[in-house]
Amino acid sequence: SNFRVPGLFINRGALAETVAVIEALDTGADFTLSPTLPLAVANTLVVIVDALPTPVIALSCIPGPMSKRGSMTTNDKLSVEEAASLEANNKQRMQQLCTRLVGDVSAVHFNTFMFLVSFFKEVHKHCDANLLTKDRVVEVMSLCLLGFSEEYNSAAEKPMEILRDCLHYMISVDCGK
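First things first, this report covers the structure right here in the doc. (Residues numbered from 1 in each chain as written. Predicted model: local features only at pLDDT ≥ 70, side-chain atom pairs only at ≥ 80, totals over all residues. Heavy atoms only, no water.)

1. Section: the pattern of salt bridges
Formally: Just to be clear on terms, a salt bridge is a Lys or Arg side-chain nitrogen sitting within 4 Å of an Asp or Glu carboxyl oxygen. Elements are defined by DSSP. Helices are runs of H or I of four residues or more, strands are runs of E of two residues or more, and each kind is numbered from the N terminus. Throughout this description, buried means an accessible area under 20% of the type-specific maximum (1.4 Å probe, protein chains only), exposed means over 50%, and partly exposed covers the range between.
This structure, assessed with the given rule, holds four salt bridges. Linking Arg4 and Asp128 is a salt bridge whose minimum nitrogen-to-oxygen distance equals 3.5 Å. Separated by 124 residues along the polypeptide, Arg4 in the segment before helix 1 (15-27) and Asp128 in helix 5 (residues 127-130) bring together distant segments of the chain. A relative accessible area of 36% places Arg4 in the partly exposed class. Taking the relative accessible area as the measure of exposure, Asp128 reaches 56% and is therefore exposed. With its nearest N and O atoms 3.4 Å apart, the salt bridge here joins Lys158 to Glu161. Linking Lys158 with Glu161, this pair stays in helix 7 (residues 157-172), spanning three residues, or about one helical turn. Classification of Glu161 by relative accessible area gives partly exposed; the value is 39%.

2. Considerations on unusual backbone geometry
The bulk of non-glycine residues show a negative phi, and the bulk of peptide bonds are trans. One non-glycine residue, Phe9, lies in positive phi territory at about 65 degrees. The residue Phe9 is located in the segment before helix 1 in this model. At Leu131, a residue that is not glycine, the phi angle is positive and equals roughly 65 degrees. Along the chain, Leu131 turns up in the loop between helix 5 and helix 6 (134-146). Judged by relative accessible area, which is 53%, Leu131 ranks as exposed.

3. Looking at the packing of helix 6 against helix 7
Note the threshold: The axes used here are C-alpha line fits, helices contributing only the stretch in contact, and every angle between their N-to-C directions lies in the interval 0 to 180 degrees. Put simply, angles under 35 degrees are roughly parallel, angles over 145 are roughly antiparallel, angles from 65 to 115 are roughly perpendicular, and the rest are oblique. Two helices crossing with the near one rotated counterclockwise from the far one by less than a right angle form a left-handed crossing, whereas a clockwise rotation gives a right-handed crossing. The contact criterion used throughout is that any non-hydrogen atoms of two residues lie within 4.5 Å. Gly is placed with the polar residues, together with every amino acid not listed as nonpolar (Ala, Val, Leu, Ile, Met, Phe, Trp, Tyr, Cys and Pro) or charged (Asp, Glu, Lys and Arg).
Where helix 6 meets helix 7, the axes come as close as 9 Å, and the angle between the chain directions of the two elements is 125 degrees. Relative to helix 7, helix 6 is oriented oblique. The chirality of how helix 6 crosses helix 7 is right-handed. Here Lys134, Asp135, Val137, Val138, Glu139, Met141, Ser142, Leu143, Leu145 and Leu146 of helix 6 come into contact with helix 7, specifically with Met160, Leu163, Arg164, Leu167, His168, Ile171 and Ser172. Partitioning the contact of helix 6 with helix 7 into residue classes produces ten nonpolar, three polar and four charged.

4. As for the packing of aromatic side chains
Note the following rule: Note on aromatic contacts: the rings of Phe and Tyr and the six-membered ring of Trp form a pair at centre separations within 6.5 Å, being stacked when their planes are under 30 degrees apart, edge-to-face when over 60 apart, and tilted otherwise.
Summed over the entire model, instances satisfying the criterion amount to five aromatic pairs. Geometrically, the ring pair formed by Phe9 and Phe120 is tilted, given 4.9 Å between the ring centres and 55 degrees between the ring planes. Highlighted residues: Phe9 in the segment before helix 1 and Phe120 in helix 4 (residues 107-125), separated in sequence by 111 residues. Comparing Phe9 with Phe120 shows no difference in burial state: the two are buried. Their ring planes at 85 degrees and their centres at 5.3 Å tell us that Phe119 and Phe120 sit as a pair that is edge-to-face. Residue class for Phe120 comes out buried when judged on its relative accessible area of 1%. The structure contains a cluster of three or more aromatic residues connected by ring pairs, namely Phe3, Phe9, Phe115, Phe119 and Phe120.

As structure tokens, this is what we get:
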């Protein structure tokens, strides 16, 4: 499987291969196979999503932080029941946050977002071989979903943190079940 190639979404692959992949997508030509082609295809995906005329998720669509009822310090002692209740509250909070995140986007952006989440969940299933950590998956996704992988805006730090939290959660759970 090409998802198992080491360095996927970590290494960009050769620029000439990325250009060739884009050209092949534009013209319908065949890809020239090589051991590093999956790296170029992964880079092409990031380039294409980042180049969309509008971001998949606009900063204005990212909800503000929700209150963390029941949050505790690391010194607090929890019973098994309290720990389970806290975990359930955190899960419910994350579900609500993720629902709010995609609640105001267009159908096209929603479908693109869900496709990318599903795709990256599949990529992450092969992390033992491709060496892609969940943090790196989330970083790649958040930057290309917001459409500014080349220039970072410091005003986006809190929304980026919220988006990353949502993406971590969505990659970790079985969405739709």
